[in-house]
Amino acid sequence: GARIFENVAVTQILVEQGRASGVRTTHGDMRAEFVVNAAGMWAHGLGAAAGTTVPLHAAEHFYIVTEAIPGLPKHLPVLRDGDACSYFKEDAGKLLVGWFEPVAKPWGMMGIPESFSFDQLPDDLEHIEPLLEAAIHRVPALGQAGIQLFFNGPESFTPDDRYLLGETPEVRNLFVAAGFNSIGIQSAGGAGKVLADWIVDGHPPMDLWDVDIRRAMPFQRNRTYLKDRTVEALGLLYAMHWPFRQPETARGVRRSALHDRLKASGACFGEVAGWERPNWYAPKGVAAEYRYSFGRQNWFEHSAAEHRAVRNNVGLFDQSSFGKYTVEGGDAEIVLNRVCANDVSVPVGQIVYTQWLNARGCIEADLTVTREAEERFLVVTAAATQTRDLAWLRRHMPQDARAVAVDVTSAYAVLGIMGPKSRD
Ligand SMILES: Cc1cc2nc3c(=O)[nH]c(=O)nc-3n(C[C@H](O)[C@H](O)[C@H](O)COP(=O)(O)OP(=O)(O)OC[C@H]3O[C@@H](n4cnc5c(N)ncnc54)[C@H](O)[C@@H]3O)c2cc1C
């Protein structure tokens, strides 16, 4: 029962009372119960206009196609050379060679022209020359073959190289399927299937948190951040996927009030949801830098020393990256007792550890609720689920409830004192 309308531009996603209600197009309005923003590189701008965060940025992607190479076997397997950032595939008697280089060229910083579709960007021979040399080193036959086509086409990349699927936390019934990081063709069948299930059933058919749009943070709408990260994101597709590998671009977006003191104590920072968090501490004379390996990494002993100190004595942890919301109002307790698996009807000053469960009895969130006053509670949750959990809470507040949830994440620090001597 699907109908496809070609050469019709969506100029606006229509939203009524926080819910998608259709699209405005160059051919008039269309009402719809559900809308999917699958606008590729344009999804960022189209989504932003509807008040949603769709963090992706275009980058130039280069490949070449040779002249016909006599004797080139058909059905050669695709070859990937991580060191040379390149892939090689047989293409109708020719070789197609493309790259995911470590320093990429973001494109379309000021927005993607509406007229740009299935189009191509100018060559940049200077940019691909060293890549081509490395490819010839791996496949010497390439050196003898003439080049028929230099191709440069843009594709969108996300800050963590994972795609963006699911219902937006900001607007109900508005779904996203975008940010395919150069694997959109091979991913299309699966992404389409799970998205359809998600829409019909009201929940994803499996654990899709890796690619769930609700992991996006509002700051990630920022174009400068996206551009800076895209320089690195494209190349990370083929770079070594070291355990604990940290991004090197677009860092320092969210810092705790204690950042300078943590740094002075030798912290080596990792990034979660844009926050700089101390992953381990380097003792004096040791550089606070990861040396990646698939074996035991350089931080192991330093982390172990910290672990032992807390296990046997006491340690102070900066946990300011936690997501934090106040829930306030005459019905705050009723609302939270409806959402929480545990009972939050506790005296003022008491903390309740609880899960939030969905209708299938599965865990949606894992957090604490602190009663700060008769009609005010503080919810503290994981940094990575700040957006997701707030959306869940707001969606499960009855519309007529006398309660309001406010995200106060950046207003408060969190310090944890842990270890057997923490009460001393
Ligand atoms: C050079 C190159 C090589 C690639 N090679 C591979 C490969 O080998 N394998 C692979 O899996 N992937 C590959 N990819 C990536 C793949 O092409 C993309 O991931 C995929 O096309 C993304 O699909 P999409 O539907 O999200 O976006 P798109 O294919 O960009 O489609 C989005 C569509 O939305 C339309 N649109 C945008 N805004 C509006 C609007 N307001 N109203 C109406 N329509 C709108 C656009 O016109 C466009 O047609 C390659 C990409 C490039 C550039």
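Cut-offs used in this document
- Residues numbered from 1 in each chain as written.
- Predicted model: local features only at pLDDT ≥ 70, side-chain atom pairs only at ≥ 80, totals over all residues.
- Heavy atoms only, no water.
- Helix = DSSP H or I, 4+ residues; strand = E, 2+ residues; numbered from the N terminus.
- Contact = heavy atoms within 4.5 Å.
- Domains from an automatic or database assignment.
- Patch = residues over 30% accessible without salt bridge, like charges linked within 9 Å, V, L, I, M, F, W, Y side chains within 5 Å.
- Areas by Shrake-Rupley, 256 points an atom, 1.4 Å probe, with all protein chains shown as cover.
- Salt bridge = Lys/Arg side-chain N within 4 Å of Asp/Glu carboxyl O.
- Buried < 20%, exposed > 50% of the residue type's maximum accessible area, 1.4 Å probe, protein only.
- Near = heavy atom within 4 Å.
- Polar contact = N/O pair within 3.5 Å; in protein donor to acceptor, adjacent residues only side chain to side chain.
- Phe/Tyr/Trp six-rings, centres within 6.5 Å; stacked < 30°, edge-to-face > 60°.

### Description of the environment of Leu131
- Mapped onto the fold, Leu131 is located in helix α2 (residues 125-138).
- If near-sequence neighbours (up to four positions away) are discounted, Leu131 is found in contact with Trp99 and Glu101.

### Digging into the domain arrangement of the chain
- Structurally, the chain comprises domain 1 (10-55 + 160-236), domain 2 (58-157) and domain 3 (323-418).
- For domain 2 and domain 3, the distance between their C-alpha centres works out to 50 Å.

### Quick look at a nonpolar patch on the surface
- Judged by side-chain polarity, Val314, Leu316, Leu415 and Ile417 come together as a nonpolar surface patch covering roughly 390 Å² of accessible area.
- With respect to the element layout, Val314 can be found in the loop between α7 (300-312) and β15 (315-318).
- A relative accessible area of 39% places Val314 in the partly exposed class.

### Things to note about the site of the ligand
- In the vicinity of the ligand, 22 residues are found, and the nearest of them are Val10, Glu155, Gly184, Ile185 and Gln186.
- Between the ligand and the protein, one listed contact pairs a nitrogen atom with a backbone N or O atom of Ser182 at 3.1 Å.
- With respect to the ligand, the backbone of Gln186 contributes an N or O atom lying 2.8 Å from an oxygen atom.
- Coverage of the ligand by the protein chains reaches 70% of its 990 Å² of free accessible surface.

### Details of the packing of aromatic side chains
- Here the structure, examined in full by the defined rule, presents 13 aromatic pairs.
- Seen from their ring centres, Trp299 and Phe300 are 6.3 Å apart, and the 35 degrees between their planes marks the pair as tilted.
- On the accessibility criterion, Phe300 (32% relative accessible area) is partly exposed.
- Members of the aromatic cluster, each reached through a chain of ring pairs, are Tyr87, Phe100 and Tyr238.

### A word on the pattern of salt bridges
- Within this structure, the stated rule accounts for 18 salt bridges.
- One salt bridge in this structure joins Lys193 and Asp197, with 2.7 Å as the shortest N-O distance. Here the residue Lys193 and the residue Asp197 both occupy positions in helix α4 (residues 184-201), the gap between them amounting to four residues, near one helical turn.
- For Asp197, a relative accessible area of 23% translates into the label partly exposed.
- Here Glu276 and Arg251 are joined by a salt bridge, their closest N and O atoms 2.6 Å apart. On the criterion of sequence distance, the pair formed by Glu276 in strand β14 (residues 275-281) and Arg251 in the loop between α5 (223-236) and α6 (259-264) is long-range, its members being 25 residues apart.
- Its relative accessible area of 7% is what places Glu276 among the buried residues.
- The network of salt bridges with common partners includes Glu60, Lys105 and Asp124.

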